[in-house]
Amino acid sequence: MDPIVITLLVAVIVVVFLIASAVRIVPQARRYNIERFGRYLRTLQPGLNLVLPVADRVNTKLDVREQVYSSDPRPVITEDNLVVNIDTVLYYQITDPRAAAYEVADYLQAIDQLTVTTLRNVIGSMDLEETLTSREEINSRLRAVLDDATGKWGIRVNRVEIKAIDPPHTIKEAMEKQMRAERDKRAAILHAEGERQAKILTAEGTKQKDILEAQGAQQAMILRADGEAKAVELVFQAVHRNNADAKVLAYKYLETLPHLASSDNNTFWVIPGELTEAVRTVTSAFGDRSTAGPAQPPQPGEAAADDATPHGDRVPGLGTASTVALEAAAAADEAGKQAAAAVSDAKAEAEAAMSPQAPRRGRMSGR
């Protein structure tokens, strides 16, 4: 082969190699640190970039997107001397590629160790219960320390989250028992509160029921009393309208007396004081006057005997009328002793007297 052709081919290959070495295409969200003869020169931005072949080289390629770093569980001692395992999740972003490449050898390891140290300082000032309930406070304090320390490394810590806090197994069992006791306590309180409300509602219902029943009974008694009053008024009007005789009223009075003790709840009943007067009225009304005949005039001897009676011992008005009155009183007393017999006899005689012929016979006998 001709030496000239070979020279041309070598020259073309060298030119192509130089051009390829001079062109650098950087992807989006990437940053390339360029060194010239081992010294940092500049950071290439995304797109097409030209460098000096052979003299310039890419030292580090960094991703400037937000990164997630999850650390392994690390033992941490609390203030009450309990060992808990805590693992964290770190969200960071490279803001200065040059500082991230040249200010720290391994920024991930540095962040991990700084996280563990900060956690031990923060958790060491808290007891177990406070540690379990103060995650937001721990996250904010941890983020403040990491952000301040990693700023000079060209890294910004966006968020720090505690992924898990694992206390010892014995502590877990004790916490479960405590939680179970708390739940049982709340359940007992709720049950007692429910029973209390149920009893209150039941008492309120019973109260309302008693009030309504009392009001109903009151209304019923009022209506019953009104009905009885109207019935008595109608009877009273009927009696006065028909101009009933006193003898009939006395008979009705005696007829009503046996009903006073008709109820099963009555253990005793009181005979009114007017019973004797009523019996006397009925006896005088229905006594057999036809056999008595007309009144006989007094005999001379009787008159002389009467006249012979001393004036001071003589009872005024003691004559035929007084004798009849005394006999009526004796009959009334006897009728009071035998009330039941007198009432039945009076009823029979009243029925006979209320017949149409009874008044006529009475008038005829009187004549």
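The shown structure was predicted, so the numbers you read here are calculated from the model rather than taken from an experiment. (Residues numbered from 1 in each chain as written. Predicted model: local features only at pLDDT ≥ 70, side-chain atom pairs only at ≥ 80, totals over all residues. Heavy atoms only, no water.)

## What about the overall build of the protein?
So, point 1. Along its length, the protein carries 12 helices and 9 strands.
So, point 2. When each of the 367 residues of the protein is scored for burial, the buried share is 22%.
So, point 3. Across the protein, every contact between residues at least 6 apart in sequence was considered, and the portion connecting residues at least 24 apart equals 62%.
So, point 4. Accessible area of the protein: about 25,800 Å², with a carbon and sulfur share of 57%. (Helix = DSSP H or I, 4+ residues; strand = E, 2+ residues; numbered from the N terminus. Buried < 20%, exposed > 50% of the residue type's maximum accessible area, 1.4 Å probe, protein only. Contact = heavy atoms within 4.5 Å. Areas by Shrake-Rupley, 256 points an atom, 1.4 Å probe, with all protein chains shown as cover.)

## Side note on the nonpolar core
So, point 1. Counting 28 residues, the largest nonpolar core has Ile86, Leu90, Ile138 and Ile155 as the members making the most contacts within it.
So, point 2. Secondary structure elements with two or more residues in this core: β8 (83-94), α3 (107-123), α5 (135-150) and β9 (155-166).
So, point 3. If you tally residues by element for this core, the top one is α3, at 6 residues.
So, point 4. The residues touching Ile155, leaving out its near neighbours within four places in the chain, are Tyr92, Gln93, Ile94, Thr95, Tyr107, Ile111 and Thr150.
So, point 5. Of all hydrophobic cores here, the second largest spans 5 residues; its members include Val26, Tyr32, Ile34 and Val51. (Core = buried A, V, L, I, M, F, W, Y, C linked by side-chain atoms within 4.5 Å.)

## Examining the pattern of salt bridges
So, point 1. Using the criterion set out here, one finds 10 salt bridges in the structure.
So, point 2. Between Glu35 and Arg57 there is a salt bridge; the shortest N-O distance is 3.0 Å. Taken as a pair, Glu35 in strand β2 (residues 30-36) and Arg57 in strand β5 (residues 56-63) lie far apart in primary sequence, 22 residues in all.
So, point 3. On the accessibility criterion, Glu35 (5% relative accessible area) is buried.
So, point 4. We classify Arg57 as partly exposed; its relative accessible area is 45%.
So, point 5. Here the salt bridges do not stand alone but share partners, grouping Arg30, Asp63 and Arg65 into one network. (Salt bridge = Lys/Arg side-chain N within 4 Å of Asp/Glu carboxyl O.)

## Structural notes on a negative patch on the surface
So, point 1. On the surface, a cluster of negative charge is contributed by Glu79, Asp80, Glu129 and Glu130.
So, point 2. Residue position: Glu129 is located in helix α4 (residues 128-133).
So, point 3. A relative accessible area of 62% places Glu129 in the exposed class. (Patch = residues over 30% accessible without salt bridge, like charges linked within 9 Å, V, L, I, M, F, W, Y side chains within 5 Å. Lys, Arg positive; Asp, Glu negative; His and termini not counted. Charge placed at Lys NZ, Arg CZ, Asp CG, Glu CD.)

## A look at the environment of Val116
So, point 1. Within the secondary structure, Val116 sits in helix α3.
So, point 2. Considered as a pair, Val116 and Arg74 are 42 residues apart in the sequence and their alpha carbons are 7.2 Å apart.

## So, unusual backbone geometry
So, point 1. Phi is positive for Phe37, close to 55°, though the residue is something other than glycine.
So, point 2. Summarising the element assignment, Phe37 is placed in the loop between β2 and β3 (39-44).
So, point 3. A positive phi angle is found at Val54, which is not glycine, with a value near 70°.
So, point 4. Position of Val54 relative to the elements: it lies in the loop between β4 (47-50) and β5.

## Section: a positive patch on the surface
So, point 1. Judged by side-chain charge, Lys177, Arg180, Arg183 and Arg186 come together as a positively charged surface patch.
So, point 2. A residue is classified by how much of its surface remains accessible, and Lys177, at 57% relative accessible area, is exposed.

## Describing the sheet that holds β3
So, point 1. Pairing within the open sheet is antiparallel, and its 3 strands lie in the order β3-β2-β5. For this open sheet the edge positions go to β3 and β5, each flanked by a neighbour on one side alone. Strand-to-strand twist in this sheet, taken as the mean axis angle between neighbours without regard to direction, amounts to 25°. (Pairing = 2+ DSSP bridges. Axes fitted to C-alpha atoms, helices over the stretch in contact; angles between N-to-C directions.)

## Section: the packing of α3 against α5
So, point 1. Two numbers describe how α3 lies on α5: the axes approach to 10 Å, and their chain directions differ by 140°. The orientation of α3 with respect to α5, classified from their angle, is oblique. For the element pair α3 and α5, the recorded crossing hand is right-handed. Residues Ile111, Leu114, Thr115, Thr118, Leu119, Val122 and Ile123 of α3 pack against Ile138, Arg141, Leu142, Val145, Leu146, Ala149 and Thr150 of α5.
So, point 2. Residues that form the contact of α3 with α5 fall into these classes: 10 nonpolar, 3 polar and 1 charged. (Parallel < 35°, antiparallel > 145°, perpendicular 65-115°, else oblique. Left-handed = near helix turned anticlockwise from the far one by under 90°. Nonpolar A, V, L, I, M, F, W, Y, C, P; charged D, E, K, R; others polar.)

## Let's talk about the side chain of Arg31
So, point 1. Examined against the element boundaries, Arg31 turns out to sit in strand β2.
So, point 2. An unpaired buried charge is present at Arg31: no salt bridge exists, and Asp63, the closest side chain of opposite charge, is 7.7 Å distant.
So, point 3. A polar contact of 3.2 Å, which involves the side chain of Arg31, links it to the side chain of Gln45.
So, point 4. For Arg31, the residues in contact, after removing those within four places along its chain, are Thr43, Leu44, Gln45, Pro46, Thr60, Lys61, Leu62, Val64 and Pro97. (Polar contact = N/O pair within 3.5 Å; in protein donor to acceptor, adjacent residues only side chain to side chain.)

## With respect to the side chain of Thr118
So, point 1. When you line up the elements, Thr118 lands in helix α3.
So, point 2. Residue class for Thr118 comes out buried when judged on its relative accessible area of 6%.

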